[in-house]
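# A closer look at the structure
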Amino acid sequence: MYTYKYGGENGVSQQLVAAKDLVVIRTQDESLDNLPLSRSARTLLSNMLPVTSFPEANVTVYKVLDPEQDHPKEQRNLIRKVFAQEKGVRFAGRVLKDPFSGAVKVYTENFFVKFKDDLEPKACLKYIKKESLIVKEELGFAKNAYFLGAPEGTGREIFLIAEKLLKKSAVVYCHPEIVQERRSKAIHPMQWHLKTTQVNGQRIDQNVAIEKAWMTAKGKGVTIAVIDDGVDTEHEEFQGAGKVVHPRDTIINRDDASPKFSMESHGTACAGVACANGNYKAAGVAPKATLMPIRSGGLGSMAEAKAFQWAADRGADVISCSWGPRDGAWYNPEDPLHTTPFFLPDSSRLAIDYAVENGREGKGCVITWAAGNGNENIRYDGYASYDRVIAVAACNDRGRRSIYSDYGKAVWCAFPSSDIYYPQLGTQRPITAGIWTTDRSAEQGYNPGGREAEELVGDREGNYTTTFGGTSSACPGVAGVVALILEVNPQLRWSDVKQIIRNSCDKIDKQTGRYDADGHSLFYGYGRINAAKAVENAQKTLGPIDDFDVQGVAHFSKSSSLALQEGVLSFDAYENNRFVGLRLLTDPVHPDLTITYRLFINKLGSTPWMANGSLAETGDKRRKVIGFQIKLVGKLADKYTVEYAAKLKGKKSLNKAKDGAICGTNKKTGPAIREIKIEIKNK
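Residues numbered from 1 in each chain as written. Predicted model: local features only at pLDDT ≥ 70, side-chain atom pairs only at ≥ 80, totals over all residues. Heavy atoms only, no water.

In terms of regular secondary structure, the protein is built from twelve helices and 35 strands. Whereas a compact globule of 683 residues would reach a radius of gyration of roughly 26 Å, the protein reaches 29 Å, a difference of no more than 12%. Along the first, second and third principal axes, the C-alpha set of the protein runs to 95 × 65 × 50 Å. Burial statistics for the protein: of 683 residues in total, 55% are counted as buried. Of the contacts made within the protein by residues no fewer than 6 positions apart, 68% connect residues no fewer than 24 positions apart. (Helix = DSSP H or I, 4+ residues; strand = E, 2+ residues; numbered from the N terminus. Rg over C-alpha atoms; globule rule 2.2 N^0.38 Å. Buried < 20%, exposed > 50% of the residue type's maximum accessible area, 1.4 Å probe, protein only. Contact = heavy atoms within 4.5 Å.)

Through backbone hydrogen bonds, the strands of a sheet pair up, either in parallel or in antiparallel fashion. Pairing is antiparallel in the open sheet, where four strands are placed in the order β25-β35-β32-β33. Bordering the open sheet on either side are β25 (568-570) and β33 (655-658), each of which pairs with just one other strand. Adjacent strand axes in the sheet meet at a mean angle of 10 degrees when their direction is disregarded. In the sheet, strand β32 (residues 640-648) pairs with strand β35 (residues 673-682) via nine bridges, with the strands oriented antiparallel. Looking across to β35, one finds that Ala646 is bridged to Ile676. (Pairing = 2+ DSSP bridges. Axes fitted to C-alpha atoms, helices over the stretch in contact; angles between N-to-C directions.)

Take the nonpolar core next. Nonpolar side chains in soluble globular proteins generally cluster together in the buried interior. Residues Ile224, Phe308, Ile319, Ile367, Trp369 and Ile501 are the most contacted members of the largest nonpolar core, which totals 100 residues. A per-element tally of this core places helix α10 (residues 470-488) first, with ten residues. The residues touching Ile319, leaving out its near neighbours within four places in the chain, are Ala225, Ile227, Phe308, Ala311, Ala355, Cys365, Val366, Ile367 and Thr368. Listed in part, the 32 residues of the second largest apolar core include Ala637, Val642, Ala657 and Ile680. (Core = buried A, V, L, I, M, F, W, Y, C linked by side-chain atoms within 4.5 Å.)

Let us look at helix α8 (residues 346-358). An ideal rise of 1.5 Å per residue puts 18 Å on 13 residues; α8 measures up with 17 Å between its terminal C-alpha atoms. Within α8 the residues assigned to the buried category are Ser348, Ala351, Ile352, Asp353, Ala355 and Val356. Check the buried side of α8 and you find it contacts α7 (302-313), β15 (318-321), β16 (366-370) and α11 (494-502). Arg360 sits one or two residues past α8 and shows a positive phi near 55 degrees. (Expected span 1.5 Å × (residues − 1).)

Here α10 crosses helix α12 (residues 531-540) at 25 degrees, and the two axes come no closer than 8 Å. When the axis of α10 is compared with that of α12, the two are roughly parallel. Regarding α10 and α12, the two cross each other, and that crossing is right-handed. Residues Val481, Leu484, Ile485 and Val488 of α10 touch α12, and the partners they reach there are Ala531, Ala534, Val535, Ala538 and Gln539. Across the contact of α10 with α12, the residue classes break down as eight nonpolar, one polar and no charged. (Parallel < 35°, antiparallel > 145°, perpendicular 65-115°, else oblique. Left-handed = near helix turned anticlockwise from the far one by under 90°. Nonpolar A, V, L, I, M, F, W, Y, C, P; charged D, E, K, R; others polar.)

Another point: the pairing of strand β26 (residues 579-587). Among the nine residues that make up β26, seven are buried, leaving the element largely enclosed by the rest of the structure. By the bridge criterion, eight bridges tie strand β23 (residues 549-556) to β26 in an arrangement that is antiparallel. Considered in β26, the bridge of His555 is made with Gly581.

Turning our attention to the side chain of Lys498. Topologically, Lys498 is positioned in helix α11. Summary of buried charges: Lys498 has no salt-bridge partner, and the nearest side chain of opposite charge, Asp387, is 6.3 Å away. (Lys, Arg positive; Asp, Glu negative; His and termini not counted. Salt bridge = Lys/Arg side-chain N within 4 Å of Asp/Glu carboxyl O.)

Let's shift gears to the confidence of the model for the protein. Residues with a pLDDT of 70 or more make up 93% of the protein, whose mean pLDDT is 87. Between residues 182-189, whose pLDDT stays under 50, and residues either more than four places distant or in other chains, the model counts 21 contacts. (pLDDT = per-residue confidence, 0-100.)

Before going further, it helps to spend a moment on the sheet that holds β23. With antiparallel pairing, the four strands of this open sheet are ordered in space as β24-β23-β26-β30. One side of each edge strand has no neighbouring strand; the edge strands of this open sheet are β24 (561-563) and β30 (616-617).

Another aspect to go through is the pairing of β33. Where β32 meets β33, four bridges bridge the pair, whose relative direction is antiparallel. Pairing of Ala645 across the sheet is with Lys656, part of β33. Remark: six residues form the turn of the hairpin made by β32 and β33, two consecutive strands paired antiparallel; Gly650 in that turn has positive phi of roughly 85 degrees.

A separate point is helix α6 (residues 266-275). Extensive coverage of α6 is indicated by the burial of ten of its ten residues. Residues His266, Gly267, Thr268, Ala269, Cys270, Ala271, Gly272, Val273, Ala274 and Cys275 constitute the buried set of α6.

Here the focus is the packing of α10 against α11. As a packed pair, α10 and α11 sit with axes 11 Å apart at the nearest point and diverge in direction by 110 degrees. By the criterion of interaxial angle, the relationship of α10 to α11 is roughly perpendicular. Relative to α11, the crossing made by α10 is right-handed. Contacts from Val478, Val482, Ile485 and Leu486 of α10 reach α11 at Val497, Ile500 and Ile501.

Attention now goes to the state of the cysteines. The full count for this structure, using the stated rule, is zero disulfides. Cys395 takes part in no disulfide bond, and the closest cysteine sulfur to it belongs to Cys413, at a distance of 9.3 Å. You can see Cys505 has no disulfide; the closest cysteine sulfur is in Cys413, sitting 5.2 Å from it. Assessed through its relative accessible area of 9%, Cys505 is described here as buried. (Disulfide = S-S within 2.5 Å.)

Structure below.
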């Protein structure tokens, strides 16, 4: 335990503890990646995740990442020892943190000291010299106040030196220089989708738990590409070195993503929801993420396809797409557009595939997509229903479905957005006007500004709007959550991120949400995303995993499904139903362990190998599953074994198998399966 005091000898004592899995490294001038490190240091660096930095002091804090290391403290000490010998490294040491909040705090070998006002400067310098300290700066904001430095290598002794000085009768205040990451400005009071707040005197608690998530991640080091109609990159919330990277207009092939026409305000609002800095009046979900704005063309155009390649080739981690085919009128169930299919063009599909397969050095860009605003089935939208994207629905400020939001099996999750009062369809009057976010500056956007604007549509200056909504707003919100996930675990594949989101949702509107046995709702997907849970679940994959469990769902011929309960799927209640499909998933999801499986089908042969929650099915409900195989793949696969068994109709004993062996039969005919047991064990 390390202590220091703010407020003088009788002030408040602050306590810090050493973090077992964190290490701080301070370099001379260059960043650590640019130093000519030894082979040992390079090897260790590959297992170190930067969690925060202080570029003004060339200081970076790293988390120790070693899946095979059960004792992070030992790994941390090895890193300290090795890096202390590296050329260009000034210091490699322990990191301290608040024992209650876990907030990282870095100490330097410097002090703040203030002597009594009536003490002569010579007397002050005498005290300083006696303790072998040097004056780095005489501070002008208080009399007899100094910024002092201790000899290099003093390390944690600074706490003892500060304590000793503070006991001197001539000293009023003394404490070490304790540095923590500077946080952006707080969430604007109107941003109810991010934290619990009050709007018009009414408390709203229908948010995505962003404040807790921000204690760990804000999207630093992650790039969000917003493909839309143009972004006002001169907006005050997008300023700062490196905030905007690789802007592009794929229509006219210029490196300029700014809006070109008066009606182009959509992209600026979307970008703000995703990653506005929060320095003024609007914070994005991932305020420290980098923005890559791309102005693109119409559906099916080459400009549309080129936008995905541009994003993938230039380092986008997340791609947000708040657009799609024309929706039917949400209030008119007879509108023929509700059931008019719009197919995904080959050019666009291949471009999306390119981003998914080649982006992020092969791990794949994560693509979020607005589900649509037509109060219609998403299956008719070839873009949002494509299984390589994350389709995002909208929920309102009461924790219910936004009346316009599209629905269906392809909906993956929901995010807070606006709603519409329409009593004919049973909706309640919304508490808020919509989502508060960035708008095109001055009078050009949704909010023209003026004296009445702040009460109606945004701020007086016209730089922000409070009326943005639709699934257009929900989509970049989830893109921001993805950025938080990738900050804490950049090694995740796009499919891993999708599964983490699935496991990080709150089930809202349970009574009318119509969640099935798989935990999926046609209206909300797997629920409203919880950013804090998402970050926590992403972190679970960073360290050693003691054990994995298996989640699973069996599907039956009469539209029934059954969830795995403690590793067991018993079909006794489905005597007159045929077992026709299976989904399996490891818990927790881990980028280095994948569960794969295939089914053998009566008279039809086998399904392809499926993985990580994908559906293996007969494709013909007249046929039944008579056998199956399960195996683990990935870097961690050799550390675990998967054992499984089946109870076959008419048989008393279980048919057992493991690690890819056939359970049941792979012949053309065989008895039906009545029960499955699955377990992952350490080898």
